[in-house]
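Structure at a glance
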Amino acid sequence: MTETVTDASTDTSIEDLIDSFEFLDDWEERYRYIIEMGRKLPPMDDALKTEASRVQGCTSQVWLVCNVDENTPPHLSFIADSDAHIVRGLVAVLLMIFSNKTAAEIKAIDIDDILKRLEFSQHLSPNRANGLHAMVKRIQATAESYC
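To keep things clear, this report deals only with the structure shown in the data block. Just so you know, these numbers come straight off a predicted model, no measurement behind them.

What to know about the overall build of the protein
Of the regular secondary structure elements, the protein holds seven helices and three strands. The N-to-C order of helical and strand elements in the protein reads α-α-β-β-α-β-α-α-α-α. For 147 residues, the compact-globule formula gives about 15 Å, and the C-alpha radius of gyration of the protein, at 14 Å, lands near that figure. Across its three principal axes, the protein shows a C-alpha extent of roughly 45 × 35 × 25 Å. Restricting the contact set of the protein to residue pairs at least 6 apart, pairs at least 24 apart contribute 59%. For the protein, the computed accessible surface area is about 7,900 Å², with 49% contributed by carbon and sulfur atoms. The positive charge centre, built from 14 side chains, and the negative charge centre, built from 25, are 5 Å apart in the protein.

Put into structure tokens, the structure is as follows:
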């Protein structure tokens, strides 16, 4: 199944991101691209950076907040931030994948396939990979609470 997931702020789909990664010659360039994605994230209000919004299991500081609209079914949008450049870029990738979706749509996303196609498992350090999976679990658990 091919996911076309867009982020309203960049209108970039996961397929576009995967294509961009294939175009880039090496992982140094891909890391720069990920960092640039993180730089484009809107800043998170410091008032939202609380212990309750902090994602456990990340070596870096990561905060994640869910906003739910009043549509039927409701759509979940995520606001997130990190104190580390690459992790902030990974946050941007996850927001691209999961934001502005219903809980059912979030549950249906094959995140393992997407991450495999992005080759994150081969190129992220174990600490970053664990943090990425902690963020995914937090997003999926939030979606589950709205099912």
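Having put the structure on the table, let's press on.
So, the nonpolar core
In terms of nonpolar packing, the biggest core is built from 44 residues, with Leu94, Ile97, Phe98, Phe120 and Met135 touching the most fellow members. Of all the secondary structure elements, the ones that give two or more residues to this core are α1 (14–23), α2 (27–39), β1 (62–68), β2 (75–82), α3 (85–98), α4 (103–108), α5 (111–117) and α7 (126–144).

Some details on the pairing of β1
Note that β1 and β2 share seven bridges and pair antiparallel. When the sheet's bridge partners are listed, Trp63 is paired in β2 with Asp81. Linking β1 to β2, which pair antiparallel, is a turn of six residues.

Quick look at the packing of aromatic side chains
Under the criterion given, the structure shown has five aromatic pairs. Summarising the aromatic geometry, the rings of Trp27 and Phe120 are spaced 6.2 Å apart at their centres and angled 65 degrees between planes, so their arrangement reads as edge-to-face. Separated by 93 residues along the polypeptide, Trp27 in helix α2 and Phe120 in helix α6 (residues 120–123) bring together distant segments of the chain. Under the relative-accessibility criterion, Trp27 is labelled buried at 11%. Here the aromatic residues Phe21, Trp27, Tyr31, Tyr33 and Phe120 are joined through ring pairs into a cluster of three or more.

Digging into the state of the cysteines
All chains considered together, the criterion is met by zero disulfides. With no disulfide of its own, Cys58 lies 17 Å from the sulfur of Cys66, the closest cysteine sulfur. Judged by its relative accessible area of 24%, Cys66 is partly exposed.

Let's talk about unusual backbone geometry
Cis geometry marks the peptide bond from Thr72 to Pro73; its omega dihedral reads -5 degrees. One non-glycine residue, Asn100, adopts positive backbone phi at about 65 degrees. With respect to the element layout, Asn100 can be found in the loop between α3 and β3 (101–102).

What counts, and where the lines are drawn
- Residues numbered from 1 in each chain as written.
- Predicted model: local features only at pLDDT ≥ 70, side-chain atom pairs only at ≥ 80, totals over all residues.
- Heavy atoms only, no water.
- Helix = DSSP H or I, 4+ residues; strand = E, 2+ residues; numbered from the N terminus.
- Rg over C-alpha atoms; globule rule 2.2 N^0.38 Å.
- Contact = heavy atoms within 4.5 Å.
- Areas by Shrake-Rupley, 256 points an atom, 1.4 Å probe, with all protein chains shown as cover.
- Lys, Arg positive; Asp, Glu negative; His and termini not counted.
- Charge placed at Lys NZ, Arg CZ, Asp CG, Glu CD.
- Core = buried A, V, L, I, M, F, W, Y, C linked by side-chain atoms within 4.5 Å.
- Buried < 20%, exposed > 50% of the residue type's maximum accessible area, 1.4 Å probe, protein only.
- Pairing = 2+ DSSP bridges.
- Phe/Tyr/Trp six-rings, centres within 6.5 Å; stacked < 30°, edge-to-face > 60°.
- Disulfide = S-S within 2.5 Å.

These results come straight from atomic positions and should not be treated as a statement about function.
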